[in-house]
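# Results of the structural survey
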Amino acid sequence: MSNILVTENVTKKFEGLVAVNKANIVVKENSFTLLIGPNGSGKTTLINCCTGILKPTSGRVMLGDTDITGWKPHQIYDVGFVRTFQIPLPFIGLTVLDNVLGAMRNIGESPVKAISKRTWVEEEEKNMIHAMEILAKVGLDKHWNLPSGALGAAQLKLLEVAKGLSSGAKIIALDEPIGGVDPASAHEILSHVAELKSEGLTFLVVEHRIDIAAPFADYIYAMDLGTIISEGPPEQVLNDPKVIEVYIGKGVEAC
Ligand SMILES: Nc1ncnc2c1ncn2[C@@H]1O[C@H](COP(=O)(O)OP(=O)(O)OP(=O)(O)O)[C@@H](O)[C@H]1O
Ligand SMILES: [Mg+2]
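Quantities reported herein were computed from a predicted structural model and do not represent experimental measurements.

With antiparallel pairing, 4 strands are arranged side by side in an open sheet as β2-β1-β4-β5. Only two strands of the sheet have a single neighbouring strand rather than two, namely β2 (17–28) and β5 (66–67). Examined bridge by bridge, strand β4 (residues 58–63) and β5 share 2 bridges and lie antiparallel to one another. Across the sheet, the residue bridging to M62 is D67, located in β5.

Below, the structure written as structure tokens:
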């Protein structure tokens, strides 16, 4: 498997605070790569540096052969890398379907062409069919006409994944996709992610709930105080004394 995302010594400083310190991670194509670490360890900041929300203070972010360091989020979206946020923020008054349609690429239309050629009709129909296919992949198709504000916590997380998929992305970073969700629904969310992976997608997943997420992971990176302290297959990282110490030290069980 080739590397789809590589960070080279990525560092992010907020004035005196080093939130991410020379982080080197490699995400293989078609993998489920899990990033774990206690609160404030720098996971979201690292994802933000990869997806253009933040500019790294130093270091490089490579997407395949392309250096995307410091690119704007929409430019990174355009080359097939999208992310979801810890707290889902859909347009709550819009339907589930409209939220997905809103996240899609739109070719745009000149007013003159729109009247004379009406090519947008065909485009909108195509998008609608595609959006319904995506909703089916995450089990939300039956709720397509509900306002997204009526969805439960797990369904909102799945809607985030659907919005990510609608762009045609090849790699999706999910920031705590099962945070605040009951264990059965959490398992369902990650099962959908695993199914999407089997179709060829790549996932970089930040998660606290290691017991639920680790069985889905191909490879794990553990962070503490901005630094990658361990990496490897799940068994190896979860049994790494450095990782156990960090979690026990912070009052959380590693697994
Ligand atoms: N925009 C910012 N300005 C200043 N400090 C920040 C900013 N964003 C994050 N930090 C700090 O950087 C450190 C890492 O935060 P980050 O949100 O990346 O952690 P995290 O691992 O995602 O934590 P959590 O598990 O709670 O989501 C924290 O000390 C945080 O307070
Ligand atoms: Mg975070």
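Further notes follow.
A word on the site of ligand 1. Residues in contact with ligand 1, as listed here, are F14, L17, A19, G37, N39, G40, S41, G42, K43, T44, T45 and Q86. Of all the elements in the fold, those that place two or more residues in the shell around ligand 1 are β2 and α1 (43–50). Looking at which element gives the most residues to the shell around ligand 1, the answer is α1, with 3 residues. Classifying every residue of the shell around ligand 1 gives 3 nonpolar, 8 polar and 1 charged.

Before going further, it helps to examine helix α3 (residues 96–103). Within the span of α3, buried status applies to V96, L97, N99, V100 and A103. The buried residues of α3 all sit within an arc of 160° when viewed along its axis, so they share a single face. At its buried positions, α3 is contacted by α5 (119–137) and α6 (153–166).

Cut-offs and rules
- Residues numbered from 1 in each chain as written.
- Chains lettered and ligands numbered in written order.
- Predicted model: local features only at pLDDT ≥ 70, side-chain atom pairs only at ≥ 80, totals over all residues.
- Pairing = 2+ DSSP bridges.
- Helix = DSSP H or I, 4+ residues; strand = E, 2+ residues; numbered from the N terminus.
- Near = placed C-beta within 6 Å.
- Nonpolar A, V, L, I, M, F, W, Y, C, P; charged D, E, K, R; others polar.
- Buried ≥ 20, exposed ≤ 12 C-beta atoms within 10 Å, placed from the backbone.
- Arc of directions from axis to C-beta.
- Contact = placed C-beta atoms within 7 Å.

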